[in-house]
Amino acid sequence: MALEIKTATLQPIRNTFANIERRFGDKPASRYQEATYDLQAETNYHYRPLWQPQHELNDKSRTQIVMADWYDLKDPRQFYYGTYVQQRARHQEAAETNYSFFEKRGLAEHLPEAVRAHLISYLIPLRHVEHTANLNNMYGCSFSYGAAISQALLYNGIDRLGNAQYLSKIGLILDGNTGDSLAAAKQEWMQNPAWQAMRALCEQMTTVEDWFEVFVAQDLVVDTLVFNLFYEQLDQKLASMGGRDVALLTEFMQVWTKDSSRWLDSVLKTVASESEDNRVLLAGWVKHWREKTLHALHPLVTAMLDDSEALSIADRLLEERLKKIGIIQ
Amino acid sequence: MSKVYLALQDNDDSRYIVDAIVDDNPEASVIRQPAMIRIESESENGLVVRRTTVEEKIGRDWDVQELHLSLITIGGNVDEDEDQFSLSWNV
């Protein structure tokens, strides 16, 4: 008996969900599109929230920013849960290799005492700033409108916990897993006069009601300045003090900020170019928080870095970024 | 002129690569098969995959050699460097 094998091609009945089809046409959609667009519920709510009866549960009016379509704020990295987790897992694997190399070679023992003290006074307390960033992004995630921006804010918030954990890990490497350096760094954060203005700023940011303002203050203004000062300028200073190896441990944050900047710049560019009202609003928020942040960082930078120009170098970087985004001319 | 073609696995990376190819090669035809996307072109220029276009679509840095992770088959003479991967027949 002869056996004949035939193949049959089954045409899918439809390419994607109806809502995606309405937006992008009848063609196969990416997972990101399917896992993002129109995901947040809009209709058929029974009640307004008891704790905030002036708003719907998902409400566009929780910020002064106005967008015709909040789903325009898409993530150029196209992160939905799956891709986000895969990307970060790869990223973390590389970081873990660096950390285990650092520990295997006992590089912590070779750090000069001055470098250790500097790390405990200035780098490790930064984990409290990262924790604030986590809270601020989570706040944005809970009150923002549209899954495009809220999911990206959630991922950013989780990343900030990751950054904080890596900073804690640096502390544990320094003190041989006793946790003493973390306790000492907490005291620096709570008591050291250089940190107090920054600590006050962190607390103030968490009291702002408009979620988009918090987002601009934290992710644009504070992060641009802090990441330049702590991961580039402090990095150079540590190298000059004989602590070049610490760069192995902060590589994760340097790569991370590059990745998240891509998203942040694209989102803010879209918002600023949507309308002049939006741009003016953004410029106002930036001006307000930029002054506050520079003021808060001043005592810290004076104590931490030798270069008296350090803060203006970071500020120039922020200025360039604002121009590139189109918030200021 | 006979046609050049390449076939990619239908996965999350390929979708963006296909979008980029369609942008750079408007005359190419895309044939979606089960688990595979085949792209053919009869144009004289052949087919080109450009790094910059793919990076724009995929939203991250992309190495042209990553193409091979999803590649099933190709037809044509290959010219590949750091910025592009192109197929054409040298006649």
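Quantities reported herein were computed from a predicted structural model and do not represent experimental measurements.

What counts and how
- Residues numbered from 1 in each chain as written.
- Chains lettered and ligands numbered in written order.
- Predicted model: local features only at pLDDT ≥ 70, side-chain atom pairs only at ≥ 80, totals over all residues.
- Heavy atoms only, no water.
- Helix = DSSP H or I, 4+ residues; strand = E, 2+ residues; numbered from the N terminus.
- Rg over C-alpha atoms; globule rule 2.2 N^0.38 Å.
- Buried < 20%, exposed > 50% of the residue type's maximum accessible area, 1.4 Å probe, protein only.
- Contact = heavy atoms within 4.5 Å.
- Lys, Arg positive; Asp, Glu negative; His and termini not counted.
- Charge placed at Lys NZ, Arg CZ, Asp CG, Glu CD.
- Buried area = accessible area lost by both parts, 1.4 Å probe.
- Salt bridge = Lys/Arg side-chain N within 4 Å of Asp/Glu carboxyl O.
- Polar contact = N/O pair within 3.5 Å; in protein donor to acceptor, adjacent residues only side chain to side chain.
- Nonpolar A, V, L, I, M, F, W, Y, C, P; charged D, E, K, R; others polar.
- Patch = residues over 30% accessible without salt bridge, like charges linked within 9 Å, V, L, I, M, F, W, Y side chains within 5 Å.
- Areas by Shrake-Rupley, 256 points an atom, 1.4 Å probe, with all protein chains shown as cover.
- Disulfide = S-S within 2.5 Å.
- Phe/Tyr/Trp six-rings, centres within 6.5 Å; stacked < 30°, edge-to-face > 60°.
- Lys NZ or Arg CZ within 6 Å of the ring centre and 35° of its normal.
- Pairing = 2+ DSSP bridges.
- Axes fitted to C-alpha atoms, helices over the stretch in contact; angles between N-to-C directions.
- Core = buried A, V, L, I, M, F, W, Y, C linked by side-chain atoms within 4.5 Å.
- pLDDT = per-residue confidence, 0-100.

Colleague: Sorry if this is basic, but what is going on with the overall build of chain B here?
Modeller: A count of helical and extended segments in chain B gives three helices and seven strands. The linear arrangement of helices and strands in chain B, starting from the amino end, is β-α-β-β-β-α-α-β-β-β. Relative to its length of 91 residues, chain B is compact, with a C-alpha radius of gyration of 12 Å against a globular reference of 12 Å. Counting across all 91 residues of chain B, residues that qualify as buried make up 46%. Across chain B, contacts joining residues at least 24 apart in sequence account for 60% of those joining residues at least 6 apart. Here chain B carries 8 positive and 20 negative side-chain charges, and the mean point of each set is 6 Å from the other.

Colleague: Help me understand the interface of chain A and chain B in this model?
Modeller: Note on interface size: it is often stated as the accessible area lost on association of the parts. In this complex, chain A contributes 14 residues to the contact, which on the side of chain B involves ten residues. Summing the contributions of chain A and of chain B, the shared interface buries around 920 Å²; its carbon and sulfur component is 39%. Three residues stand out in chain A for area buried against chain B, namely Pro 28, Gln 78 and Arg 262 of chain A, and they jointly supply 41% of the buried area on that side. The interface formed by chain A and chain B includes two salt bridges. Salt-bridge contacts for Asp 61 of chain B lead to Lys 258 of chain A; the nearest nitrogen and oxygen are separated by 3.6 Å. Applying the counting criterion to the chain A and chain B interface returns four residue pairs in polar contact (both at pLDDT 80 or more). Within the side of chain A that touches chain B, the residues separate by chemical class into five nonpolar, five polar and four charged.

Colleague: Before we go on, may I ask you to explain unusual backbone geometry in this structure?
Modeller: Residues apart from glycine generally show negative phi values, whereas peptide bonds are mostly found in trans. All names here are of chain A. Positive phi is not limited to glycine here, since Asp 38 has a value of about 55°. When you line up the elements, Asp 38 lands in the loop between α2 (31-34) and α3 (81-104). You can call Asp 38 partly exposed: its relative accessible area is 31%.

Colleague: What is the right way to look at a nonpolar patch on the surface in this model?
Modeller: Residues and elements named next belong to chain A. On the surface, a cluster of nonpolar side chains totalling about 510 Å² of accessible area is made up of Met 1, Leu 3 and Ile 5. When you line up the elements, Leu 3 lands in the segment before α1 (18-24). Given a relative accessible area of 71%, Leu 3 falls into the exposed group.

Colleague: Whenever I open this one, the state of the cysteines confuses me. Can you help?
Modeller: Simply put, disulfide is the name for a covalent bond between the sulfur atoms of two cysteines. Taken as a whole, this structure holds zero disulfides over all chains when the rule is applied. In this model Cys 141 of chain A remains outside any disulfide bridge; the closest cysteine sulfur is found in Cys 202 of chain A, 20 Å from its own.

Colleague: Quick question: what am I supposed to make of the packing of aromatic side chains here?
Modeller: In the structure shown here, the tally under the stated rule is 18 aromatic pairs over all chains. With a centroid separation of 5.8 Å and 70° between ring planes, the pair formed by Phe 79 of chain A and Tyr 84 of chain A is classed as edge-to-face. Neither Phe 79 of chain A nor Tyr 84 of chain A differs from the other in exposure class; each is buried. Each residue in the set Trp 70, Trp 211, Phe 212, Phe 215, Trp 263 and Trp 285 of chain A is aromatic and connected to the rest through ring pairs, giving one cluster. Above the ring of Tyr 5 of chain B, the side-chain terminus of Arg 38 of chain B is found at 4.3 Å from the ring centroid.

Colleague: What is the right way to read the sheet that holds strand β6 (residues 77-80) of chain B from this model?
Modeller: Each strand in a sheet pairs with its neighbour through backbone hydrogen bonds, running either in the same direction (parallel) or in the opposite one (antiparallel). Residue and element names in this part refer to chain B. Strand order in this open sheet of three strands is β4-β7-β6, and the pairing throughout is antiparallel. Sheet topology places β4 (47-50) and β6 at the edges, where each strand pairs with a single neighbour. Sheet twist, expressed as the mean angle between neighbouring strand axes with direction ignored, is 10°. Note that β6 and strand β7 (residues 84-88) share four bridges and pair antiparallel. Bridge assignment links Asn 77 to a residue of β7, and that residue is Ser 88.

Colleague: When you look at the environment of Ala 147 of chain A in this model, what are you seeing that I'm missing?
Modeller: Residue and element names in this part refer to chain A. You can see Ala 147 is positioned in helix α6 (residues 147-174). Separated by 112 residues in sequence, Ala 147 and Ala 35 have C-alpha atoms that sit 8.7 Å apart. Sequence-distant contacts of Ala 147, defined by excluding residues within four places in its chain, comprise Thr 36, Leu 39, Gln 40 and Tyr 71.

Colleague: Looking at this structure, how should I read the nonpolar core?
Modeller: Across soluble globular proteins, nonpolar side chains show a tendency to be buried alongside one another. Counting residues in each nonpolar core, the largest one holds 84 residues, and the members touching the most others are Met 198, Phe 212 and Phe 230 of chain A. In terms of residue count, the dominant contributor to this core is helix α9 (residues 211-240) of chain A (17 residues). Val 4, Ala 28, Val 49 and Leu 87 of chain B belong to the second-largest nonpolar core, a separate cluster that totals 23 residues.

Colleague: Explain the pattern of salt bridges here, please?
Modeller: Side-chain pairing between opposite charges can occur once the charged atoms of the two side chains come close. Residues and elements named next belong to chain A. For the structure shown, the criterion picks out 32 salt bridges over all chains. The closest approach of N and O atoms between Arg 77 and Asp 75, which form a salt bridge, is 3.0 Å. For the pair Arg 77 and Asp 75, one class covers both residues: buried. Glu 96 serves as the salt-bridge partner of Lys 169, at 3.0 Å between the closest nitrogen and oxygen.

Colleague: Teacher, can you tell me more about the confidence of the model for chain B here?
Modeller: It should be kept in mind that the predicted coordinates are not to be read in detail where pLDDT is low. For chain B, mean pLDDT is 91; residues scoring 70 or higher make up 99% of the total. Among the prediction metrics, the complex's ipTM stands at 0.70, with pTM recorded as 0.88.

Colleague: Help me understand helix α2 (residues 51-58) of chain B in this model?
Modeller: For an α-helix the count is 3.6 residues per turn, leaving residues at separations of three or four pointing the same way. All names here are of chain B. By the burial criterion, the buried members of α2 are Thr 53, Val 54, Glu 55 and Ile 58. Buried positions along α2 lie against α1 (12-24) and β4. Of the residues trailing α2, Gly 59 is marked for its positive phi of about 75°.

Colleague: Can you walk me through the sheet that holds strand β2 (residues 29-33) of chain B in this structure?
Modeller: Residue and element names in this part refer to chain B. Pairing within the open sheet is antiparallel, and its four strands lie in the order β2-β3-β1-β5. Strands at the two margins of the open sheet, each flanked by one partner only, are β2 and β5 (71-75). Across this sheet, the average inter-strand angle for adjacent strands is 15°, counted without regard to direction. In this sheet, strand β3 (residues 36-41) lies alongside β2 in antiparallel orientation, the contact comprising five bridges. Bridge pairing in β3 places Gln 33 opposite Met 36.

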